[in-house]
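Fold and contact review
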Amino acid sequence: MHRTKISVLLSFLVLPAACKFTNGVAEPSISGELYNEDLLMRPLHDGRVVATFTFTTVLLGATPRDPRDSERSAHHHSLFPLTLGQILHEYSITDLHLTMNSGKWNYDHWGLPDDPNVGTGAELWAWMADGAASTIDERWTGLRNALAGHFCASLGSLDAQRTSSPVAAFPLSFPHSTPHALRYANLPSEHVCTENLTPFVKLLPCKTRAGLATLLTPQRIFDADWHGLSVHVQSTQKGVELKLGVQAVFDPVRLSGGTRRDWSFRMLFDRVIDASCPVASSGMVRIKAPNGQLHILSPATVVDESSIAVYNLTAHIPLDVSISWPHEYSFQYSPPLRNLLTPLSIKRTLYGSSQTHGLLSLALTNNEYYDMTVGYFENLPALVTLWAHTMTGKVNGTGRDGLISDISYHPHQLLTNGQRSPSTLQATLTIPAKSTLRLSMEVSKAFLKYTEHPPDAMRGWDLLPAVFFPLHLSVNSTHETRPIMGISARMYTPTLLIDLPTPDFSMPYNVIILSCTLITLIFGSVFNLLIRRWVIVPLEDNAFG
């Protein structure tokens, strides 16, 4: 046991030193593995700033384990996290995507995010090769339970009631010769917090001791207006690529007391970068400069053609980047943008005052001067039944043909354990240029047993966000595709609350209180009559004087 501790300590001490520097860039001597760090800071129109951390680890030449291979060969990793690698190897995962976000991403004012997976709550989807002795569903159950224990999240509740297989919306990143299957699930009520960030940073080679991860202070990250964690594993031609990401939207105006939008690393993260991660082949900080605004960026550096200032951690240590607007006495919020920052604006609502029926409505506004075609995906729990034959699409109040096509609807299915699978709807929508497509569908709400309601039943149930995804057209027989005129990345709508028929849970409490009160009065009166002793007390004549 002492030898093991000493060897681990020596490996930690020797590993950072096993690097050489070429032109100021660290080149790790660990063969077959690469590790890079990147931070992108982008100012927004409303004074906020987006921080996107990306930690990339590549296992060169590695391939996912064939599920038909019963042998569990050992894998030795120096930079790739061992705990996550064991999970991927055990369940033969080809692609894995896990995101945990808190808040609502404002597409119209913030634009498209750097990481498109910004759906509220926890989202998990994985591609697994078929053909193993254990079924896909068994491996899916083991995968989400393993990730739940590793990240201290409620991923174990992503059972068959929330699992579907929307292949068109979440395609495989790289084509493979062996057959694969997709499993997708979403938990909108899951919130990301410190207990998720702690195991997340342990997956990094330098943890929070050096490099960009030094800035990941929980009290500042979770104080942001929007924040999220992401884990992306993809099998590419180079090998197995792992991307760990942290994305947050800070509000310097709020932090400064509502006066200025100046910010720095010390102000946003309460820390500066004191040392670079020695095993990282590159560590970059990129700052997107505001367009057409007089500002001062410190420390000064070269700005490239795309108006991005680049800092190399090996040459700028310690690093505390700051940006200020010296001629701006106080920040003035600009009027709403006429030209929105995204090509597509989406609004999703649930109408109806009845607790048994409702109307799901979507308004999609095309902000471009050309017709747009996008994919549409709904994953509805068994609490809501969607009537696909009532789907209607109108543009400027009039119906048009060809707006909705390629409809694929899978209703609820009764499972062997008595539960019901979710219903999935996938369709192709065409939105004319500079127009708004209004899509509406009737829904029915389930009547649950009183034992099936959550403790906060009066709050309502969370309806999963809808997903709009880009479409691609195959151009030849070698699986080469080109994008169709539409959006460039997935877009998520906010979650909705469903008001289901809910019994009056306060009535049993009222009955218990009333019954206990009556029993107390009756029992007390009878008890006093039974145990009280009646005696005659003689009174003297002068007793009352």
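Residues numbered from 1 in each chain as written. Predicted model: local features only at pLDDT ≥ 70, side-chain atom pairs only at ≥ 80, totals over all residues. Heavy atoms only, no water.

Attention shifts here to unusual backbone geometry. Pro299 follows Ser298 through a cis peptide bond whose omega is -5°. On the secondary structure map, Pro299 appears in the loop between β13 (296–298) and β14 (308–312). Along the chain, Ile317 connects to Pro318 via a cis peptide bond; the corresponding omega equals -5°. Among the secondary structure elements, Pro318 is positioned in the loop between β14 and β15 (322–324). (Helix = DSSP H or I, 4+ residues; strand = E, 2+ residues; numbered from the N terminus.)

We now examine the state of the cysteines. Applying the stated rule across the entire model yields one disulfide. Here Cys206 engages in a disulfide with Cys277; their sulfurs sit 2.0 Å apart. Residues Cys206 and Cys277 are joined by a disulfide whose S-S torsion is about 75°; by sign, that bridge is right-handed. Of the two residues, Cys206 sits in the loop between α5 (194–201) and α6 (218–221) while Cys277 sits in the loop between α8 (265–269) and β12 (282–288), which places them 71 residues apart along the sequence. Each member of the pair Cys206 and Cys277 is classed as buried. (Disulfide = S-S within 2.5 Å. Buried < 20%, exposed > 50% of the residue type's maximum accessible area, 1.4 Å probe, protein only.)

Our focus in this paragraph is helix α4 (residues 136–151). Counted at 1.5 Å a residue, the expected span for α4 with its 16 residues is 22 Å, and the 22 Å between its end C-alpha atoms agrees. Within the sequence span of α4, burial applies to Ile136, Arg139, Trp140, Gly142, Leu143, Arg144, Leu147, Ala148, His150 and Phe151. Positive phi appears at Cys152, one or two residues downstream of α4, with a value of about 55°. (Expected span 1.5 Å × (residues − 1).)

Attention now moves to the packing of aromatic side chains. Going through the model one piece at a time under the given rule, you end up with twelve aromatic pairs. Ring centres of Trp105 and Trp110 lie 5.1 Å apart, and the angle between their planes is 85°; on these two criteria the pair is classed as edge-to-face. Assigned by exposure class, Trp105 and Trp110 land together as buried. Centroid distance Phe523 to Phe527: 5.6 Å. Interplanar angle 20°. Geometry classified as stacked. Here Phe523 pairs with Phe527, and both are found in helix α9 (residues 506–531), just four residues apart, close to one helical turn. These aromatic residues form a ring-pair network of at least three members: Phe53, Phe55, Phe250, Phe265 and Phe269. Its guanidinium or amino end placed over the ring of Trp325, Arg261 lies 4.1 Å from that ring's centre, counting from NZ or CZ. The ring of Tyr369 has Lys434 lying over it, and the distance from NZ or CZ to the ring centre is 4.5 Å. (Phe/Tyr/Trp six-rings, centres within 6.5 Å; stacked < 30°, edge-to-face > 60°. Lys NZ or Arg CZ within 6 Å of the ring centre and 35° of its normal.)

Let us now look at the packing of helix α2 (residues 82–90) against α4. Contact geometry for α2 and α4: axes closest at 10 Å, N-to-C directions at 170°. By the angle between their axes, α2 is roughly antiparallel relative to α4. Where α2 abuts α4, its residues Thr83, Leu84 and Ile87 lie against Leu143, Ala146, Leu147 and His150. Here the residues of the contact of α2 with α4 are counted per class, giving five nonpolar, two polar and no charged. (Axes fitted to C-alpha atoms, helices over the stretch in contact; angles between N-to-C directions. Parallel < 35°, antiparallel > 145°, perpendicular 65-115°, else oblique. Contact = heavy atoms within 4.5 Å. Nonpolar A, V, L, I, M, F, W, Y, C, P; charged D, E, K, R; others polar.)

Moving on to the UniProt feature "transmembrane region" (unreviewed entry) in the chain. The UniProt feature table records "transmembrane region" (unreviewed entry) at residues 509–531. In this annotation, residues 509–531 is assigned 100% helix and 0% strand; the end-to-end C-alpha distance for the span is 32 Å. (UniProt positions renumbered as here; feature names shortened; annotations may be inferred.)

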